[in-house]
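Each chain, written out:
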Amino acid sequence: MNITAIYGSPRAGGNTDSLMRAFLSGVRSAGGKARELYLRNFRVYPCTECGGCDQTGCCVLQDDMEVLYSYFQESDVLVLAAPVFFYGFGAMTKAMIDRCQCFWVRKYRLKQDMHTERPSGSGRGILLSVGGSGGSRTFEGVLLSARYFFDALDMSFAHHLTYGSVDEAGAILRHPTACAEAESLGRKVASELQPKA
Ligand SMILES: Cc1cc2nc3c(=O)[nH]c(=O)nc-3n(C[C@H](O)[C@H](O)[C@H](O)COP(=O)(O)O)c2cc1C
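Attention in this report is confined to the structure presented alongside it. All values derive from a computational prediction rather than experimental measurement.

Summed over all chains, the structure comprises 12 salt bridges. Salt-bridge contacts for Arg-99 lead to Asp-63; the nearest nitrogen and oxygen are separated by 2.7 Å. With Arg-99 in the loop between helix H3 (91-98) and helix H4 (101-109) and Asp-63 in the loop between strand E2 (34-38) and helix H2 (65-74), the pair connects residues that are 36 residues apart, well separated along the chain. The same class applies to Arg-99 and to Asp-63, which are both buried. Lys-107 is the partner of Asp-154 in a salt bridge, and the nearest nitrogen-oxygen pair spans 3.4 Å.

Here is the structure:
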């Protein structure tokens with residue numbers, strides 16, 4: 001079982017951090033474990049659209065994405081917890097996603113094998129997100145971005161949990177169902193990954 005959990009908010013101890021912790025508590029309760037990565041501790045330059053990956057499917061920039069690329073390739077499940085900023089992902093998360101253009105090139109332009117350690121198409125992506133607004137369209141942007149991010153990584157967009165009207169740090173902990181739902185999803189995902197007897 002190989003689960004990678006990406007904390008995508010710049011705010012330590014914020015709402016998506018809490019949602020991720022609830023999710024991972026569910027993973028552990030089902031006997032699973034996950035690699036936890038705080039994007040705010042990584043140095044990720046924005047994509048420069050240099051075309052350096054066009055022929056090879058490999059990004060030419062050198063920074064902490066090199067570590068993230070290898071984790072993405074070996075993960076069975078990738079969980080991204082990130083808030084809505086201006087109806088999309090915030091800059092840190094968006095930079096990470098844009099830097100996965102090299103995977104898009106491999107899949108769609110070079111039609112290469114993804115060189116993943118999982119069987120093709122078996123990877124699963126999960127998004128946990130919150131926004132301060134209670135509007136009905138709050139998550140449209142991040143849901144679309146997440147769909148195409150996971151697709152570039154050759155993963156299905158398996159699950160998402162989104163909560164609006166969640167603004168100040170800690171507000172998610174007062175939500176009536178959010179943390180319980182995240183924990184339950186973590187348990188379900190980890191149980192599905194356990195080898196069948
Ligand atoms: C720069 C910035 C932009 C934001 N833009 C939006 C937005 O477009 N829609 C929304 O619903 N909330 C927006 N918010 C509110 C955050 O989504 C909200 O505070 C969320 O709870 C932050 O999650 P975190 O604690 O995990 O960082 C924004 C907050 C910041 C700091």
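Bringing the state of the cysteines into the picture now. Counted under the stated rule, the structure contains zero disulfides. Cysteine Cys-100 shares no disulfide, and the gap to the nearest cysteine sulfur, in Cys-102, comes to 6.0 Å. Cysteine Cys-102 shares no disulfide, and the gap to the nearest cysteine sulfur, in Cys-59, comes to 5.5 Å. Look at Cys-102 and you get buried, because its relative accessible area is 2%.

Before going further, it helps to examine the site of the ligand. Around the ligand, the surrounding shell holds 17 residues, and the nearest of these are Ser-9, Thr-16, Val-84, Val-166 and Asp-167. One of the backbone nitrogen or oxygen atoms of Gly-132 is found 3.0 Å away from a nitrogen atom of the ligand. Within the side chain of Asp-167, an N or O atom sits 2.6 Å from an oxygen atom of the ligand. Here the ligand, which alone exposes 640 Å², has 78% of that area covered by the protein. For the shell around the ligand, the secondary structure elements donating two or more residues are helix H1 (15-29) and strand E4 (84-85). Looking at the shell around the ligand residue by residue, the class counts come to seven nonpolar, eight polar and two charged.

This part covers the side chain of Arg-106. Position of Arg-106 among the secondary structure elements: in helix H4. Judged by its relative accessible area of 9%, Arg-106 falls in the buried class. In terms of polar contacts, Arg-106 uses its side chain to reach the backbone carbonyl oxygen of Gly-57, at 2.8 Å.

Within H2, the full set of buried residues consists of Met-65, Leu-68, Tyr-69, Phe-72 and Gln-73. Buried residues along H2 cover an arc of 135° about the axis, so they all sit on one side.

Turning our eyes to something else, we now look at the nonpolar core. One recurring pattern in soluble globular proteins: nonpolar side chains tend to sit buried together. Ranked by size, the top nonpolar core spans 31 residues in total, and within it Ile-6, Leu-68, Phe-72, Met-96 and Phe-149 carry the most contacts. Among the elements of the structure, H2, strand E3 (77-81), H3, H4, helix H5 (140-152) and strand E7 (155-163) are those that each provide at least two residues to this core. Leaving out residues up to four positions away in the same chain, Met-96 has contacts with Ile-6, Leu-39, Val-44, Met-65, Leu-68, Phe-72, Leu-80 and Phe-149. Ile-3, Phe-23, Leu-128 and Leu-193 belong to the second largest nonpolar core, which has 28 residues in total.

Conventions and cut-offs
Residues numbered from 1 in each chain as written. Predicted model: local features only at pLDDT ≥ 70, side-chain atom pairs only at ≥ 80, totals over all residues. Heavy atoms only, no water. Salt bridge = Lys/Arg side-chain N within 4 Å of Asp/Glu carboxyl O. Helix = DSSP H or I, 4+ residues; strand = E, 2+ residues; numbered from the N terminus. Buried < 20%, exposed > 50% of the residue type's maximum accessible area, 1.4 Å probe, protein only. Disulfide = S-S within 2.5 Å. Near = heavy atom within 4 Å. Polar contact = N/O pair within 3.5 Å; in protein donor to acceptor, adjacent residues only side chain to side chain. Areas by Shrake-Rupley, 256 points an atom, 1.4 Å probe, with all protein chains shown as cover. Nonpolar A, V, L, I, M, F, W, Y, C, P; charged D, E, K, R; others polar. Arc of directions from axis to C-beta. Core = buried A, V, L, I, M, F, W, Y, C linked by side-chain atoms within 4.5 Å. Contact = heavy atoms within 4.5 Å.

Taken by themselves, the reported measurements are silent on function.
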